[in-house]
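Close look at the chain arrangement
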Amino acid sequence: MSRAVAFLNALAQALSSLGLYPAGHRSRERALDLAFERLLDLLNEDERPEFSFLGDEVVYRTMPLREMRAWEWSQRLADAGIQRLQFDRTATREELEDFLGESLARLTLQFIDTAEARQMRPSGIRFGVLGIQGADELETREIATASVSYSLREEADAVRWMHEQVSDQRPLPLVEAEAVVRALTVAMHGDQAMLLPLLKLRQADEYTTTHALNVCVLTMALAEWLGLGARDVRAFGIAGLLHDIGKVAIPHDVLTKKSGWGERERQIMSRHPAAGARIIMTSSSDLDLAAVVAYEHHIMINGGGYPTLKFGRECHRASLLVHVCDVYDALRSNRPYRDAWPAGKVLAYLEERSGLEFDGHVAHAFTEMMREWEPQVTPLHAEEALPIG
Ligand SMILES: [Fe+2]
Ligand SMILES: [Fe+2]
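Fair warning: this is a prediction, and the values are worked out from it, not measured in the lab.

Cut-offs and rules
Residues numbered from 1 in each chain as written. Chains lettered and ligands numbered in written order. Predicted model: local features only at pLDDT ≥ 70, side-chain atom pairs only at ≥ 80, totals over all residues. Heavy atoms only, no water. Donors = N, O, S within 2.8 Å, 3.2 Å for Na, K, Ca; no water. Tetrahedral: all angles 85-135°; square planar, octahedral: opposite > 155°, others 65-115°. Buried < 20%, exposed > 50% of the residue type's maximum accessible area, 1.4 Å probe, protein only. Helix = DSSP H or I, 4+ residues; strand = E, 2+ residues; numbered from the N terminus. Expected span 1.5 Å × (residues − 1). Contact = heavy atoms within 4.5 Å. Core = buried A, V, L, I, M, F, W, Y, C linked by side-chain atoms within 4.5 Å. Polar contact = N/O pair within 3.5 Å; in protein donor to acceptor, adjacent residues only side chain to side chain. Axes fitted to C-alpha atoms, helices over the stretch in contact; angles between N-to-C directions. Parallel < 35°, antiparallel > 145°, perpendicular 65-115°, else oblique. Left-handed = near helix turned anticlockwise from the far one by under 90°. Nonpolar A, V, L, I, M, F, W, Y, C, P; charged D, E, K, R; others polar. Salt bridge = Lys/Arg side-chain N within 4 Å of Asp/Glu carboxyl O. Pairing = 2+ DSSP bridges. Phe/Tyr/Trp six-rings, centres within 6.5 Å; stacked < 30°, edge-to-face > 60°. Lys NZ or Arg CZ within 6 Å of the ring centre and 35° of its normal.

1. A look at the coordination of the iron ion (ligand 2)
The coordination sphere of the iron ion (ligand 2) contains the protein donors H211 (NE2), H243 (NE2), D244 (OD) and D326 (OD), at a distance range of 2.1 to 2.3 Å. Coordination at the iron ion (ligand 2) comes from four donor atoms whose angles at the metal span 75 to 172°, giving a geometry best classed as irregular. Counting residues between consecutive donors of the iron ion (ligand 2) along the chain gives the motif H-x31-H-D-x81-D. The distance between the iron ion (ligand 2) and the iron ion (ligand 1) comes to 3.6 Å, with D244 serving as a donor to both metals.

Laid out in structure tokens, this is it:
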């Protein structure tokens, strides 16, 4: 990890020097030497280092680099269309210099299209927007299968562990929740196209975990679809991940009951939004949005749902998004009391209930997004790698 940070710092220095000094200048050559040296150090411990620049965030492989949070170059590179940067062992100093040159050209808006050059000459450095632009089809395929592969196993384990912590009355592990959301953000942008890595439920007791992850992914995708910025998308993602955290207090037999609920079960169930908000608020004051969403995610826009409200309430936008994504994932999953519905039936249901249960604009955007992105939905089990393509 520290080698990745050392390399990025040297890279920033080289970018500055290249902007200041002409070719052949000693300072420029020294900065390039140093950057290349750091790259070789990094390649020694990681054969295919890969960075994502998500605006205010730098992600190395799937881990966000906390040390680089305030790194100004991340935003600049992302704005210049370099959101993803990959190296392999064949990378040369000359290629690094070329890459820095093109980055600078993009940064200073003297955009020179070197796509053709890159196509002709295979390089150990690849970069671009959400995948690699300008590469020919063959190369793209190669990149897709060779360098991007995610498994959600770790994320599923982390979520399961978070739920255990909370049910043992321990504080909500915030750092893990944030790490899961960041890892999902990277998995969603792993290839040229947006991906929706959704988990398919295999066993009934996995539901809490898969549901939390799926609602998180869907909420972030919808937030992005609606044009929200990266920071908001992640905040909405945390809210999606934690929306049902109040269910940890619900007895197992109520959660897994096969037939319809009686009044007692209904009452117990209807407490989970307030319980969730409480758990989140006592864990961190930074998570007020997640707490609001936990409280509001079953409130319908016509005032129905629960908790029962004495006075009408306009729910936060994040709650409107989570509500739709929540119902979608619940209906798409096998439950003890009914089988999963096919996607088309769920989307029709959301449309039918739009304006009553769901906010019309949000429900419409969601169904539109799912129809458009259906080929990008990647159903996977927690232990499987996510295939790209
Ligand atoms: Fe819920
Ligand atoms: Fe839910």
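2. Quick look at the coordination of the iron ion (ligand 1)
For a metal bound by four donors in a tetrahedral arrangement, the ideal donor-metal-donor angle is 109.5 degrees, while six donors in an octahedral arrangement ideally sit at 90 or 180 degrees. Coordination of the iron ion (ligand 1) by the protein involves D244 (OD), H272 (NE2), H297 (NE2) and H298 (NE2), with metal-donor separations of 2.1 to 2.3 Å. Angles of 85 to 176° at the metal separate the four donor atoms of the iron ion (ligand 1), which places the site in the irregular class. Binding-site remark: the iron ion (ligand 1) is held by donors from one chain whose sequence spacing is D-x27-H-x24-H-H. Overall, the relative accessible area of 19% leaves H298 in the buried class.

3. What to know about helix α1 (residues 2–20)
The first and last C-alpha atoms of α1 sit 27 Å apart over 19 residues, in line with the 27 Å expected at 1.5 Å per residue. Residues A4, V5, F7, L8, A10, L11, A12, A14, L15, S17 and L18 constitute the buried set of α1. The inward-facing, buried residues of α1 abut α2 (26–45), β1 (50–53), β2 (58–60), α3 (72–79), β4 (84–87) and α4 (93–107).

4. Topic: the nonpolar core
By size, the foremost hydrophobic cluster in this structure holds 65 residues, and its most contacted members are L241, L242, I280, Y328, L350 and F366. Top contributing element to this core by residue count: helix α9 (residues 207–225), with 10 residues. With residues near it in sequence (within four places) discarded, Y328 still touches L218, A343, V346, L347, L350, F366 and M370. Of all hydrophobic cores here, the second largest spans 35 residues; its members include A14, A31, A35 and M68.

5. Focus: the environment of E265
Inspection of the secondary structure assignment puts E265 in helix α12 (residues 263–269). Counting along the chain gives 11 residues from E265 to V254, while the straight-line C-alpha distance between them is 6.2 Å. E265 has contacts with V254 and K257, leaving out every residue within four places of it along the chain. A polar atom in the side chain of E265 sits 2.8 Å from the backbone nitrogen of G262.

6. A closer look at unusual backbone geometry
Here Y306 and P307 are connected by a cis peptide whose omega angle stands at -5°. With respect to the helices, strands and loops of the structure, P307 is situated in the loop between α14 (288–296) and α15 (317–332). Positive phi, close to 55°, is recorded for R61, a residue that is not glycine. Assignment of secondary structure puts R61 in the loop between β2 and β3 (63–64). According to the relative accessible area criterion, R61 is partly exposed, its value standing at 43%. The backbone of Q169 shows a phi angle near 70°, a positive value even though the residue is not glycine. Assignment of secondary structure puts Q169 in the loop between α7 (153–167) and α8 (174–188). Overall, the relative accessible area of 73% leaves Q169 in the exposed class.

7. What to know about the packing of α8 against α9
Interaxial distance between α8 and α9 falls to 10 Å at its minimum, and their mutual angle equals 60°. One finds that α8 runs oblique with respect to α9. In the crossing of α8 with α9, the sense of the turn from one axis to the other is right-handed. The segment α8 lies against α9, with V180, V181, L184, T185 and M188 engaging L213, C216, V217, M220 and A221. Split into classes, the residues belonging to the contact of α8 with α9 amount to nine nonpolar, one polar and no charged.

8. Some details on the pattern of salt bridges
Side chains carrying opposite charge are able to pair once their charged atoms draw close together. Summed over all chains, the structure comprises 21 salt bridges. We note a salt bridge from E45 to R3, for which the minimum N-O separation is 3.5 Å. Residue E45 is located in helix α2, and its partner R3 is located in helix α1; the two are separated by 42 residues in the primary sequence. Judged by its relative accessible area of 45%, E45 falls in the partly exposed class.

9. A look at the pairing of β1
Burial along β1 is two-sided: E50 and S52 and F51 and F53, pointing in opposite directions, are all buried. By the bridge criterion, three bridges tie β1 to β4 in an arrangement that is antiparallel. Looking across to β4, one finds that E50 is bridged to Q86. As judged from the three bridges shared by β1 and β2, these two strands associate in the antiparallel manner. Of the residues in β2, the one forming a bridge with S52 is V59. In sequence, β1 turns back onto β2 through a hairpin of four residues, with G55 there showing a positive phi of about 80°.

10. So, the environment of H252
Looking at the secondary structure, you find H252 in helix α11 (residues 252–255). Each C-alpha atom of the pair H252 and D205 lies 9.6 Å from the other, and the pair is 47 residues apart in sequence.

11. Observations regarding the packing of aromatic side chains
Under the defined criterion, the tally for this structure stands at seven aromatic pairs. Pairing F51 with F53 gives two aromatic rings, centres 6.4 Å apart and planes at 5°, and the pair type is stacked. Assessed through its relative accessible area of 0%, F51 is described here as buried. The lysine or arginine in question, K345, covers the ring of W341, its NZ or CZ lying 4.1 Å from the ring centre.

These values are about where atoms sit, not about what they do.
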